[in-house]
Amino acid sequence: MLTAKIGKISKVLICGAKGVGKTTLLEQLIYGNITLDSEIHPTIEDIYVASVDTGRGGPRETLRIYDTAGLYQGSKEPLPRHYLYFPDGFVLVYDPTDPQSLDMLADIKADIDKNKEKKEVPIIVLANMRSKRKDTPPSPTQQAQAQNKQSSAADPVELILNRANAWCSHERIKHYTVNAMERPSLYEPFINLCARLHPPQTKSTFPQLRQVMQKTQKADA
């Protein structure tokens, strides 16, 4: 009977504010079928399975990714409790044209830290540069930014990205800038996350132990 090697399976939760493009990112990552005209419906809850080659040889690893309904901005609603206990890793997504979607991640990260039961849980943050469809009307925040852009020399998106980088550095979590319309931009974050979830096995100490025993025997002789 022929059998194929099956790697480990890890559970990953992707979360963030409504409309930041979580489902779009996953659809592009798994299937590569997303365009600016793709119709994406609001997610209630869904599961994706990704087979990942970490480049270390051996069997491909598997990520079971849980897509969640986005949180309403300004509502201060926490993630449902059951989302905080089962994941082995988290992907936090925000829209760099909407600073409130970044602010929400701090509350989500605090909830994760309080409920991770002292275990190390890998977390990555994705800035989705193209999270909106081209016919989606701008949010009030984006409208205000557009009105103020002419009077401000600084690029508001760059300011948000810089703030996100500073926060991620302080929290010691990886920050990636991705584009939901460019599938290759999604590979590195998920490959690195998978590599952290599935670290290589340490080499056996028996060869070293055998060498020590041989040296001891020679000394006794």
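Structure: above.
Residues numbered from 1 in each chain as written. Predicted model: local features only at pLDDT ≥ 70, side-chain atom pairs only at ≥ 80, totals over all residues. Heavy atoms only, no water.

1. Observations concerning the overall build of the chain
So, point 1. The helix and strand tally for the chain stands at six helices and six strands.
So, point 2. Counting from the amino terminus, the chain carries its helices and strands in the arrangement β-α-β-β-β-α-β-α-α-β-α-α.
So, point 3. A buried classification covers 40% of the 221 residues belonging to the chain.
So, point 4. In the chain, the share of contacts with a sequence separation of at least 24, taken over all contacts with a separation of at least 6, comes to 77%.
So, point 5. Just so you have it, the chain exposes about 13500 Å², and 53% of that area is on carbon and sulfur atoms. (Helix = DSSP H or I, 4+ residues; strand = E, 2+ residues; numbered from the N terminus. Buried < 20%, exposed > 50% of the residue type's maximum accessible area, 1.4 Å probe, protein only. Contact = heavy atoms within 4.5 Å. Areas by Shrake-Rupley, 256 points an atom, 1.4 Å probe, with all protein chains shown as cover.)

2. Some points on the sheet that holds strand β4 (residues 89-94)
Two pairing modes exist for strands in a sheet, parallel and antiparallel, and in both the strands are linked by backbone hydrogen bonds.
So, point 1. Read from one edge to the other, the open sheet built from six strands follows the order β2-β3-β1-β4-β5-β6, with strand pairing classed as mixed. Because the sheet does not close on itself, it has two edges, and the strands there are β2 (45-52) and β6 (174-178). Neighbour-to-neighbour, the strand axes of this sheet turn through a mean angle of 25°, independent of strand direction.
So, point 2. Direction of pairing for β4 relative to strand β5 (residues 123-128): parallel, over a ladder of five bridges. Looking at β5, one finds that Tyr-94 is bridged to Ala-127.
So, point 3. Strands in contact with helix α1 (residues 22-31) are β1 (9-16), β2, β3 (61-68), β4, β5 and β6; relative to β2, the strand with the most contacts, it is inclined by about 35°. (Pairing = 2+ DSSP bridges. Axes fitted to C-alpha atoms, helices over the stretch in contact; angles between N-to-C directions.)

3. Overview of the packing of aromatic side chains
So, point 1. Counted under the stated rule, the structure contains two aromatic pairs.
So, point 2. Centre to centre, the rings of Tyr-31 and Tyr-48 are 6.4 Å apart; their planes meet at 55°, and the pair counts as tilted. Linking Tyr-31 in helix α1 with Tyr-48 in strand β2, this pair joins segments that are 17 residues apart in sequence.
So, point 3. A relative accessible area of 5% means that Tyr-48 is categorised as buried.
So, point 4. Consider the rings of Tyr-66 and Phe-86, whose centres lie 4.9 Å apart with planes at 65°: the pair is edge-to-face. Taken together, the positions of Tyr-66 in strand β3 and Phe-86 in the loop between β3 and β4 put the pair 20 residues apart, joining distant regions of the chain.
So, point 5. The cationic tip of Lys-18 hangs over the ring face of Tyr-72; the distance from NZ or CZ to the ring centre is 4.6 Å. (Phe/Tyr/Trp six-rings, centres within 6.5 Å; stacked < 30°, edge-to-face > 60°. Lys NZ or Arg CZ within 6 Å of the ring centre and 35° of its normal.)

4. Things to note about the pairing of β3
So, point 1. For β3, the buried fraction is high: seven of the eight residues fall into the buried class.
So, point 2. Note: β1 against β3, six bridges, orientation parallel. Residue Leu-13 lies in a different strand from β3, and its bridge partner there is Tyr-66.
So, point 3. Here eight bridges tie β2 to β3, and the two strands are oriented antiparallel to one another. Considered in β3, the bridge of Ser-51 is made with Thr-62.

Honestly, it's all geometry; don't read function into it.
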